[in-house]
Amino acid sequence: MIDILPARAVDAGWLAEIHAQAFDDSWSAADIATLLDGPGTYAFAARFDGAPAAFILCRVVADEAEILTLATIPAGRRRGGAAALIDAGAAAALAGGAVNLFLEVAQDNHSAVALYNGKGFVEVGRRRGYYRRPDGAVAALLMRLDLNN
Ligand SMILES: CC(C)(COP(=O)(O)OP(=O)(O)OC[C@H]1O[C@@H](n2cnc3c(N)ncnc32)[C@H](O)[C@@H]1OP(=O)(O)O)[C@@H](O)C(=O)NCCC(=O)NCCS
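Residues numbered from 1 in each chain as written. Predicted model: local features only at pLDDT ≥ 70, side-chain atom pairs only at ≥ 80, totals over all residues.

(A) Expanded view of the packing of helix α1 (residues 12-22) against helix α2 (residues 29-37). Their axes nearest at 8 Å, the elements α1 and α2 cross at an angle of 120 degrees. With respect to α2, the element α1 is oriented oblique. Seen from above, α1 lies across α2 with right-handed handedness. Here Ala12, Gly13, Leu15 and Ala16 of α1 come into contact with α2, specifically with Ala29, Ile32, Ala33 and Leu36. Across the contact of α1 with α2, the residue classes tally to seven nonpolar, one polar and no charged. (Axes fitted to C-alpha atoms, helices over the stretch in contact; angles between N-to-C directions. Helix = DSSP H or I, 4+ residues; strand = E, 2+ residues; numbered from the N terminus. Parallel < 35°, antiparallel > 145°, perpendicular 65-115°, else oblique. Left-handed = near helix turned anticlockwise from the far one by under 90°. Contact = placed C-beta atoms within 7 Å. Nonpolar A, V, L, I, M, F, W, Y, C, P; charged D, E, K, R; others polar.)

(B) Fine view of the pairing of strand β2 (residues 41-48). Pairing of strand β1 (residues 2-7) with β2 involves six bridges; the strand directions are antiparallel. Residue pairing for β2: Ile4 is matched across the bridge by Ala46. Of the strand pairs in this sheet, β2 and strand β3 (residues 51-61) are connected by eight bridges, and their pairing is antiparallel. Directly across from Phe44, in β3, lies its bridge partner Ile56. (Pairing = 2+ DSSP bridges.)

(C) Spatial organisation of the site of the ligand. Neighbouring the ligand are 20 residues, the closest being Arg77, Ala82, Ala83, Ser111 and Leu115. Per-class residue counts for the shell around the ligand are eleven nonpolar, six polar and three charged. (Near = placed C-beta within 6 Å.)

(D) Representation of unusual backbone geometry within the structure. A positive phi angle, close to 55 degrees, is found at Ala62, a residue other than glycine. Tracing the chain through its elements places Ala62 in the loop between β3 and β4 (64-72). What makes Ala62 exposed here is the crowd of 10 C-beta atoms within 10 Å. Not every positive phi belongs to a glycine, and Arg78 is a case in point at roughly 60 degrees. By secondary structure assignment, the location of Arg78 is in the loop between β4 and α3 (81-95). (Buried ≥ 20, exposed ≤ 12 C-beta atoms within 10 Å, placed from the backbone.)

Here it is, written out as structure tokens:
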């Protein structure tokens with residue numbers, strides 16, 4: 001069973017453990033706590049059968065919101081955790097006054113791009129050569145979800 005719950009700065013330790021399992025360039029608990037203490041920033045976590053498996057960190061500034069990070073541990077993937085977290089993050093962004101939800105994703109991150117396309121995000125820009133790779137560089141796609149649709 002999946003459940004989605006708000007996460008706070010006090011949860012930064014286990015959020016960082018999830019982040020470290022999902023990214024090579026992981027964020028520390030202190031980084032995450034600092035973000036969560038900042039204005040407009042909020043997070044939700046997903047638990048499977050009570051065990052934390054994924055989280056989303058978002059920020060609302062005026063009428064725009066952004067997904068700062070989204071991570072699911074490898075053992076918890078393809079169970080709908082990230083999709084449910086996007087729904088929770090988008091609903092909170094709308095409630096906080098945002099009309100659009102933005103994110104940036106590497107063009108070669110096919111699982112994340114498929115996830116975002118499936119949730120209705122559309123590409124609205126790209127930064128060419130933004131992410132370095134051993135054999136070159138790939139673009140960052142800027143994607144937007146219209147929260148009123
Ligand atoms: C991207 C990521 C967050 C997806 O998390 P997840 O919890 O496995 O995603 P979900 O189970 O909610 O997937 C929802 C849908 O997204 C798409 N999707 C997710 N992973 C996919 C994959 N590996 N290949 C193709 N489509 C995928 C599918 O449409 C999926 O629905 P389906 O399983 O019914 O086919 C996870 O793979 C991850 O943490 N990756 C490393 C960190 C990262 O890249 N974060 C995003 C940075 S922008």
